[in-house]
Amino acid sequence: MTAGLPGRVTGRQATCPNCGAPILFIWSGAVQTTCAYCQSVLVRHDLDLERVGAVGDVPPDSSPVQRGATGRWRNRGFTVVGRIMYEYARGGWNEWHLRFDDGTGGWLSDAQLEWAVTTLVEPAPRLPFGVGLRRGQSFVIGDATYTVSTITRARYRGVEGELPFVYWDKAEVQFVDLRTPAARFATVDFSEDPPLVFAGEFVAFDDLQLTGLRAFEGWPPPR
Amino acid sequence: MAAATLRPGAVRSLSCPSCGAAVVLRGLAWTQTVACASCSAVLDARDPNLAVLQRAASRMRVEPLIPLGARGDWRGAPYEVIGFQQRTIRTPDGAWSWREYLLFNPYRGFRYLTEYDGHWTDVVPLQALPEVGGGAHAAAAYEGRAYKHFQTARAETTFVLGEFPWEVRVGDVAEARDYVAPPHGLSAESTDDETTWSKATYVDAAEIWRAFKVEGRPPSPQGVYSTQPNPLAARARARWAAFAVLAALLMLTLFGRAVLSANREVFSRQYVYRGTTVPDAPAAPGAAFVTPTFELPGGPSNVVVETEASVDNQWLFVEYALIDEATGQAYDFGREVSYYSGRDSDGNWTEGSKRDRARIGAVPGGRWFLRVEPSGDAAGRSIAYTVRVRRDVPTLAYYLLALVALAVPPVVGTLRSASFETRRWAESDHAPSSDDDGGDDDE
């Protein structure tokens with residue numbers, strides 16, 4: 001399914017193998033990105049970009065975050081380099097891919113403008129999720145006791161920009177969200193076995209100190 | 001189909017497929033459902049054609065007090081009213097409805113204003129999970145504050161207008177558990193899929209009217225609302241605080257008075273009563289006699305005349321007159337000293353006291369003397385007694401009386417505050433007739 005055009009990567013620049021448009025990497029470690037013009041999902045093989053026969057397919061949305069935005073979390077600066085959009089029966093949410101100044105990655109979740117930052121817990125904790133998993137159950141992750149708040153079956157709706165893995169499978173995946181009384185947040189992604197656990201916290205919009213946000217017609221930028 | 005301009009960030013304007021009226025969309029791509037302002041049909045905002053999800057359920061129409069589209073500076077950011085719904089709780093005693101206004105800011109998200117009988121609260125969704133104790137009526141804890149369970153009820157959506165970032169229908173039902181710690185409240189709304197928590201704070205309607213530039217005046221609140229701060233409690237607290245200050249001042253005054261008052265003994269002499277009055281020395285026979293003059297220093301102040309007698313199963317009655325040497329002004333008073341003791345089937349008993357104090361207020365300064373006329377049942381035994389005169393003696397009793405008088409306003413305030421709380425809880429699951437409080441939270 002590789003398109004005919006050569007997709008060469010030179011430094012942080014590349015050209016789209018599908019439409020020839022320039023591709024600019026914000027993060028040199030990106031494994032996958034999308035073409036801003038034709039929405040092709042492009043996988044990076046060292047110096048080549050391969051179109052994997054899909055389009056990013058990001059529907060119109062109103063998240064104020066965008067690729068290239070910067071912010072802070074726990075005294076570290078980050079840059080937004082890409083995102084995954086998820087959808088489920090009652091709506092959808094964004095997981096913005098963050099690269100921190102120290103080279104590590106994380107995720108900024110925007111669920112109807114409720115913000116949370118999480119990072120992958122490694123090694124993946126073996127959580128005793130049995131078949132009877134239900135809301136209200138509590139689990140210890142790290143140093144906090146989390147309670148299951150929602151169990152969702154979601155699929156990804158689209159991707160945009162740079163991601164740390166090749167991801168375009170649209171199968172439905174179970175997600176379990178967990179919360180604590182102190183606004184800590186964890187989400188368990190059952191797309192892999194053992195499931196991936198991301199842990200972090202809910203963050204007030206102002207505390208993220210976001211810059212480079214989208215502008216909305218008729219609305220002043222946030223102070 | 002071309003009607004939908006999905007330019008992000010712009011207000012969209014479409015036509016209601018049910019009645020043809022204009023439908024304005026303000027909530028950007030967040031809006032999932034919109035109820036036509038004209039015919040109340042519930043429409044699918046994600047569908048370019050605005051598919052009708054629900055025809056107007058009834059002709060009942062509720063007018064929002066703050067119009068849709070109103071924008072105001074609220075809690076530090078501009079917010080726009082984009083949605084409105086009325087929700088109703090039905091009980092065997094009747095139905096209670098409140099109204100929710102959905103506020104939107106494209107960066108800070110969604111929050112609500114709610115109104116019930118003229119009482120308003122500002123509501124924000126909670127990301128944290130408050131702790132709830134066991135049992136249906138357990139209290140909740142959040143941010144170090146304890147919230148009492150107020151009510152658990154089925155809340156039904158009975159009217160919708162405008163936009164919502166979730167699917168909404170007239171007839172939607174959620175179980176709502178409400179907790180209060182005035183001026184705050186917590187609410188947990190559960191559907192089959194999820195439980196969402198929110199935190200409410202009681203606000204003055206006038207503040208909302210100013211912020212959103214609503215015309216006219218807000219309707220005055222009726223009755224007592226669950227999260228309404230108890231103004232009487234504040235008043236009672238203020239009164240107790242004032243009481244504490246005044247009581248401290250009073251005690252300070254009493255202390256100062258005790259330290260500063262002269263409390264000086266200006267006369268003391270011993271006499272003996274022998275059936276007929278014979279002063280020990282300097283003696284002058286006769287029933288009555290006068291003391292030497294003594295100086296009462298200072299301006300008008302009190303005088304205490306103390307009679308201490310060696311009565312033993314006897315009584316001594318003394319008719320006094322305190323007389324101003326210069327003017328002849330006199331204060332007449334009679335005092336009795338009696339002391340009895342004995343033994344009966346209950347054991348030893350005593351009655352009376354060997355000492356008596358008589359207080360005379362506001363006696364001018366000058367040279368004074370006492371006229372003394374004792375009588376008693378000496379019955380052969382003599383009674384030695386001492387007459388002492390003290391000037392400017394502090395009086396504890398007056399201070400205690402003042403203290404009691406000062407305590408009246410705060411006590412009344414506390415009683416009235418308790419009556420306010422009774423009215424607050426009258427509409428809860430914990431109406432005072434059943435039990436005064438839900439379970440205790442031992443979290």
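Residues numbered from 1 in each chain as written. Chains lettered and ligands numbered in written order. Predicted model: local features only at pLDDT ≥ 70, side-chain atom pairs only at ≥ 80, totals over all residues.

## As for the overall build of chain B
(1) Moving on: Along the backbone of chain B there are three helices and 27 strands.
(2) Moving on: For chain B, the C-alpha atoms occupy an extent of roughly 130 × 55 × 35 Å along the three principal directions.
(3) Moving on: Evaluated residue by residue, chain B yields a buried proportion of 29% over its 443 residues.
(4) Moving on: Of the contacts made within chain B by residues no fewer than 6 positions apart, 63% connect residues no fewer than 24 positions apart. (Helix = DSSP H or I, 4+ residues; strand = E, 2+ residues; numbered from the N terminus. Buried ≥ 20, exposed ≤ 12 C-beta atoms within 10 Å, placed from the backbone. Contact = placed C-beta atoms within 7 Å.)

## Remarks on the packing of helix α2 (residues 231-260) of chain B against helix α3 (residues 396-426) of chain B
All names here are of chain B.
(1) Moving on: Orientation of α2 relative to α3, taken along the N-to-C sense of each, is 170°, at an axis distance of 8 Å. With respect to each other, α2 and α3 are oriented roughly antiparallel. In this structure, α2 contributes Leu-232, Ala-233, Arg-235, Ala-236, Arg-239, Trp-240, Phe-243, Leu-246, Ala-247, Leu-250 and Leu-254 to the contact, and α3 contributes Tyr-399, Ala-402, Leu-403, Leu-406, Ala-407, Pro-409, Pro-410, Gly-413, Thr-414, Arg-416, Ser-417 and Phe-420.
(2) Moving on: Tallied by class, the residues present in the contact of α2 with α3 amount to 17 nonpolar, three polar and three charged. (Axes fitted to C-alpha atoms, helices over the stretch in contact; angles between N-to-C directions. Parallel < 35°, antiparallel > 145°, perpendicular 65-115°, else oblique. Nonpolar A, V, L, I, M, F, W, Y, C, P; charged D, E, K, R; others polar.)

## What about the sheet that holds strand β5 (residues 40-45) of chain A?
Residue and element names in this part refer to chain A.
(1) Moving on: The strand order β4-β5-β6 describes an open sheet built from three strands, whose pairing is antiparallel. A single partner strand is all that each edge strand has here, and the edge strands are β4 (32-34) and β6 (48-55). Taking the axes of each pair of neighbouring strands and ignoring which way they run, one obtains an average angle of 30° across the sheet.
(2) Moving on: Pairing of β5 with β6 involves five bridges; the strand directions are antiparallel. Looking at β6, one finds that His-45 is bridged to Asp-48. (Pairing = 2+ DSSP bridges.)

## Digging into the interface of chain A and chain B
(1) Moving on: Counting from both sides, the interface comprises 27 residues of chain A and, opposite them, 27 residues of chain B.
(2) Moving on: Per-element accounting of the side of chain A that touches chain B gives the leading share, three residues, to strand β13 (residues 144-161) of chain A.

## Brief notes about the domain arrangement of chain A
Residue and element names in this part refer to chain A.
(1) Moving on: Here chain A is partitioned into domain 1 (9-55) and domain 2 (70-208).
(2) Moving on: Computed over C-alpha atoms, the centres of domain 1 and domain 2 are 25 Å apart.
(3) Moving on: The partner domain 2 presents 14 residues to the 13 residues of domain 1 that form the contact.
(4) Moving on: Elements with a contribution of two residues or more to the side of domain 1 that touches domain 2: β4, β5 and β6.
(5) Moving on: The dominant element in the side of domain 1 that touches domain 2, judged by the number of residues it contributes, is β4, at three residues.
(6) Moving on: Per-class residue counts for the side of domain 1 that touches domain 2 are nine nonpolar, four polar and no charged. (Domains from an automatic or database assignment.)

## Quick look at the domain arrangement of chain B
(1) Moving on: Taken domain by domain, chain B comprises domain 1 (12-226), domain 2 (234-258 + 398-426) and domain 3 (262-393).
(2) Moving on: One C-alpha centre belongs to domain 1 of chain B, the other to domain 3 of chain B, and the line joining them spans 82 Å.

## What to know about unusual backbone geometry
(1) Moving on: Omega for the peptide link from Glu122(A) to Pro123(A) comes to -5°, which places this bond in the cis form.
(2) Moving on: With a phi angle near 55°, Leu50(B) is a residue other than glycine that sits in the positive phi range.
(3) Moving on: Here Leu50(B) is to be found in the loop between β4 (42-44) and β5 (52-54).
(4) Moving on: Classification of Leu50(B) by C-beta neighbours within 10 Å gives buried; the count is 22.
(5) Moving on: Despite not being glycine, Asn313(B) shows a phi value in the positive range, around 55°.
(6) Moving on: By the secondary structure assignment, Asn313(B) is in the loop between β21 (301-309) and β22 (314-324).
(7) Moving on: Take Asn313(B): there are 14 C-beta atoms within 10 Å of it, and that puts it in the partly exposed class.

## Quick look at the nonpolar core
A general tendency of soluble globular proteins is for nonpolar side chains to be buried together.
(1) Moving on: Residues Leu42(A), Val80(A), Leu108(A) and Ala186(A) are the most contacted members of the largest nonpolar core, which totals 41 residues.
(2) Moving on: Taken together, the elements giving at least two residues each to this core come down to β5, β8 (76-88), β9 (91-100), β11 (114-120), β13, β14 (173-179), β15 (184-189) and β16 (196-202) of chain A.
(3) Moving on: Counting residues per element, this core draws most heavily on β8(A), at six residues.
(4) Moving on: Counting only domains with at least three residues in this core, you end up with domain 1 (9-55) and domain 2 (70-208) of chain A.
(5) Moving on: Those residues within four positions of Ala186(A) in sequence are excluded, and the remaining contacts are Thr118(A), Ile141(A), Tyr146(A), Leu178(A), Val197(A), Phe198(A) and Ala199(A).
(6) Moving on: Ranked by size, the runner-up nonpolar core spans 35 residues in total, among them Cys36(B), Ala45(B), Phe110(B) and Ile208(B). (Core = buried A, V, L, I, M, F, W, Y, C linked by C-beta atoms within 7 Å.)

## Topic: α3(B)
(1) Moving on: End to end, α3(B) covers 45 Å across 31 residues, agreeing with the expected 45 Å (1.5 Å per residue, within 8%).
(2) Moving on: The principal kink in α3(B), of about 30°, is found at Val408(B), preceding the proline Pro409(B) by one to four residues. (Expected span 1.5 Å × (residues − 1). Bend = angle between axes of the 7 residues up to and from the residue.)

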